[in-house]
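# A look at the structure
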Amino acid sequence: MLNLFLVDFSVLKPDPGLIFWTSVIFILVWVILGRAAFRPIQNALKKREDDIQGSIDEAKRVKQEMADLQAGNQQLLAEAREERTKLLRNAEQQASEIVAAAKEEAKSAAQKVAADAKRDIENMRQAAIVDLKHQVGTMAVDIAEKLLHRELGDAASQQSFINEQVSKLN
């Protein structure tokens, strides 16, 4: 009986019933596969596409954050270098001020010591002059006393010398 159906079959002239049933079976298979296989495959592909796009977006965001962090680090590094330069400059300035103050203090102390030494030397010189005058005066009195004893050894010469001196005073 199968032979009977095949005898009348022609590829160039299809039977309308065969076309109808082939189409109905194809549509049924298509709907079943669409619901059972195509939709989950499509959903899986969509999910995978979303995951890939999310990963790409996350990578771009992370890359931008890294660039921002690197720029921030560069800025912080530049600020730290500038701060270090300021601190070094400030330390050098303070050191030079301290050295200048120490030099000025040492200079004033040296001037004070020199002034004190000059004053002490002047006081010692004045004391030496006074002492010398005192010794010269003592020696002059001693010499005068010896001369007077020798010259005025007798009472008559002493009397005449006293009278002379009294008359000069008057």
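Residues numbered from 1 in each chain as written. Predicted model: local features only at pLDDT ≥ 70, side-chain atom pairs only at ≥ 80, totals over all residues. Heavy atoms only, no water.

Across its full length, the protein chain holds three helices and zero strands. Its helices and strands taken in sequence order, the protein chain reads α-α-α from the N to the C terminus. Each principal axis of the C-alpha atoms in the protein chain carries an extent, and together these give about 210 × 30 × 25 Å. Here the protein chain, with 170 residues, has 2% of them falling under the buried criterion. For the protein chain, the exposed area adds up to about 15700 Å²; of that, 64% sits on carbon and sulfur atoms. Positive and negative charge centroids in the protein chain, built from 23 and 25 side chains respectively, lie 8 Å apart. (Helix = DSSP H or I, 4+ residues; strand = E, 2+ residues; numbered from the N terminus. Buried < 20%, exposed > 50% of the residue type's maximum accessible area, 1.4 Å probe, protein only. Areas by Shrake-Rupley, 256 points an atom, 1.4 Å probe, with all protein chains shown as cover. Lys, Arg positive; Asp, Glu negative; His and termini not counted. Charge placed at Lys NZ, Arg CZ, Asp CG, Glu CD.)

What follows covers the confidence of the model for the protein chain. Of the residues in the protein chain, 92% have a pLDDT of 70 or more, and the chain-wide mean is 86. The secondary-structure element of the protein chain with the lowest mean pLDDT is helix α1 (residues 2-7), recorded at 51, while helix α2 (residues 16-151) shows the highest, at 90. (pLDDT = per-residue confidence, 0-100.)

Turning next to the packing of aromatic side chains. Per the stated rule, a full pass over the model turns up three aromatic pairs. Connected via pairs of aromatic rings, a cluster forms that spans Phe26, Trp30 and Phe38. (Phe/Tyr/Trp six-rings, centres within 6.5 Å; stacked < 30°, edge-to-face > 60°.)

Turning to the environment of arginine 39, a few remarks are in order. Topologically, arginine 39 is positioned in helix α2. Along the sequence, arginine 39 and lysine 107 sit 68 residues apart, while their C-alpha atoms lie 99 Å from each other.

Here we come to α2. With 136 residues, α2 extends 192 Å from end C-alpha to end C-alpha; this agrees with the ideal 202 Å at 1.5 Å per step. The largest bend along α2 measures about 50 degrees and falls at glycine 34. (Expected span 1.5 Å × (residues − 1). Bend = angle between axes of the 7 residues up to and from the residue.)

This part is about the pattern of salt bridges. For side chains of opposite charge, pairing can occur when their charged atoms come near one another. For the structure shown, the criterion picks out seven salt bridges. Here arginine 119 makes a salt bridge to aspartate 116, at a shortest N to O gap of 2.9 Å. Taken together, the residues arginine 119 and aspartate 116, both in helix α2 and three residues apart, mark about one turn of the helix. Aspartate 116 sits in the partly exposed class, given a relative accessible area of 26%. One connected set of salt bridges, linked through shared partners, spans Glu58, Arg61 and Glu65. (Salt bridge = Lys/Arg side-chain N within 4 Å of Asp/Glu carboxyl O.)

A contiguous nonpolar surface patch, about 1200 Å² in accessible area, is contributed by Phe20, Trp21, Ile25, Phe26, Ile27, Val29, Trp30, Val31, Leu33, Phe38, Ile41 and Leu45. Mapped onto the secondary structure, valine 31 falls in helix α2. (Patch = residues over 30% accessible without salt bridge, like charges linked within 9 Å, V, L, I, M, F, W, Y side chains within 5 Å.)

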